[in-house]
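# Observations on the model geometry
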Amino acid sequence: MSLFSTTFQTIENGISYASRKQQTIAQNIANVDTPNYKSKTVSRTSEFRDLLHNELKAYQTDSKHIPFSGSSQRVITQQGNTSYQANGNNVDMDKEMADMAENQIYYEALVDRLNGKFNSLQTVIRGGK
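Since we're looking at a predicted model, the values are computed, not measured.

The rules behind these values
- Sequence order as written defines the numbering, with residues in each chain counted from 1.
- Only residues with pLDDT of 70 or above have their local features reported here, since the model is predicted, and side-chain atom pairs are shown and tallied only from 80 upward, although totals for entire chains, interfaces and linings are computed over all residues.
- Processing note: side-chain calculations cover all non-hydrogen atoms of the structure and skip hydrogens and water entirely.
- Every helix listed is a DSSP run of H or I at least four residues long, and every strand listed is a run of E at least two residues long, numbered separately from the N terminus.
- Each residue is placed in one exposure class: buried if its accessible area under a 1.4 Å probe, protein chains only, is under 20% of its type's maximum, exposed if it is over 50%, and partly exposed if it falls in between.
- For this analysis, residues touch if any pair of their heavy atoms sits within 4.5 Å.
- Any pair of Phe, Tyr and Trp rings, taking the six-membered ring for Trp, is counted once the centres come within 6.5 Å. Such a pair is stacked with planes under 30 degrees apart, edge-to-face with planes over 60 apart, and tilted for the rest.
- Geometry is summarised by axes, namely lines fitted to C-alpha atoms with helices restricted to the contacting stretch, and by angles between N-to-C directions that run from 0 to 180 degrees.
- The cut-offs work like this: below 35 degrees is roughly parallel, past 145 is roughly antiparallel, 65 to 115 is roughly perpendicular, and the gaps in between are oblique.
- Crossing handedness is defined as follows: a turn of the near helix away from the far one that is anticlockwise and smaller than a right angle gives a left-handed crossing, while the clockwise case is right-handed.
- Three residue categories are used. Nonpolar comprises Ala, Val, Leu, Ile, Met, Phe, Trp, Tyr, Cys and Pro, charged comprises Asp, Glu, Lys and Arg, and polar comprises the others, including Gly.
- Every residue carries a pLDDT, the predictor's confidence in it, which falls somewhere between 0 and 100.
- The span you would expect from a helix comes to 1.5 Å times its residue count less one.

### A short note on the overall build of the chain
The helix and strand tally for the chain stands at three helices and two strands. Ordered by position in the sequence, the α and β elements of the chain form the string α-β-α-β-α. Classification of the 129 residues of the chain by burial places 23% in the buried group. Residue pairs in contact within the chain that sit at least 24 positions apart in sequence constitute 77% of those at least 6 positions apart.

Following this line, the structure appears as structure tokens:
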């Protein structure tokens, strides 16, 4: 029996994703003038794959079956097919700043939800007062 619902794990996965995305965006912005630097992005699909892995337990009933396992690492992909500057760099500052703002909103929503869960637990512990 689990003391807490899977909500905490889901929120933790989301915060981990938002943190990694923030680091990647900051790295892109820091290298905006680096020749031949190609921007990177964090794959959101890895977040959902991790979530499914944590919530769905699969059992291998035969040694010939393919094992069901997920990766806890975020997938970072390099955007190498474009070039916005003459030096081969493809960092688009407007896009990076928009991505950063979107990621900040996502992160704050997760933290707000986590605070709500903790406040609910605190209310239960205090006996509804």
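### Overview of the packing of aromatic side chains
With the rule as written, the count across this model stands at two aromatic pairs. Where Phe8 meets Phe118, the ring centres are 5.4 Å apart and the plane angle is 40°; that geometry is what we call tilted. Taken as a pair, Phe8 in helix α1 (residues 7-30) and Phe118 in helix α3 (residues 93-125) lie far apart in primary sequence, 110 residues in all. Given the relative accessible area of 19%, Phe8 is considered buried. Between Tyr17 and Tyr106, the ring centres sit 5.9 Å apart and the planes meet at 85°, which makes this aromatic pair edge-to-face. Linking Tyr17 in helix α1 with Tyr106 in helix α3, this pair joins segments that are 89 residues apart in sequence.

### Points about the environment of Tyr106
Residue classification places Tyr106 among the partly exposed positions, given a relative accessible area of 24%. Expressed as a C-alpha distance, the spacing of Tyr106 and Gly14, which sit 92 residues apart in the sequence, is 8.6 Å.

### Structural notes on the environment of Asp92
As for its position among the elements, Asp92 is in the loop between β2 (76-78) and α3. In this structure the C-alpha to C-alpha distance between Asp92 and Ser39, which are 53 residues apart in sequence, comes to 8.3 Å.

### Here's the deal with the packing of α1 against α3
Where α1 contacts α3, the axes come no closer than 9 Å and their chain directions differ by 155°. Classified by the interaxial angle, the pair formed by α1 and α3 is roughly antiparallel. Remark: the crossing between α1 and α3 carries left-handed chirality. Among the residues forming the contact of α1 with α3, the class breakdown is 17 nonpolar, five polar and five charged.

### A word on the confidence of the model for the chain
Residues of the chain with pLDDT of at least 70 account for 67%, and the chain-wide mean is 79. Confidence, read as mean pLDDT per element, is least for helix α2 (residues 45-55) in the chain (55) and greatest for α3 (93).

### As for α1
Since the α-helix advances by 3.6 residues per turn, residues separated by three or four positions end up pointing in the same direction. Between the first and last C-alpha of α1 there are 34 Å, a value that for 24 residues agrees with the 34 Å anticipated at 1.5 Å per step. Inspection of α1 places Phe8, Ile11, Asn13, Gly14, Tyr17, Ala18, Lys21, Thr24, Ile25 and Asn28 among the buried residues, and these make up the whole buried set.

### Focus: α3
Given a rise of 1.5 Å per residue, 33 residues ought to cover 48 Å, and the 47 Å separating the end C-alpha atoms of α3 matches this to within 8%. If you check which residues of α3 are buried, you get Glu96, Asp99, Asn103, Leu110 and Leu114. Of the surrounding secondary structure, the elements contacted by the buried residues of α3 are α1. Of the residues flanking the end of α3, it is Gly127, one or two places downstream, whose phi is positive at about 85°.

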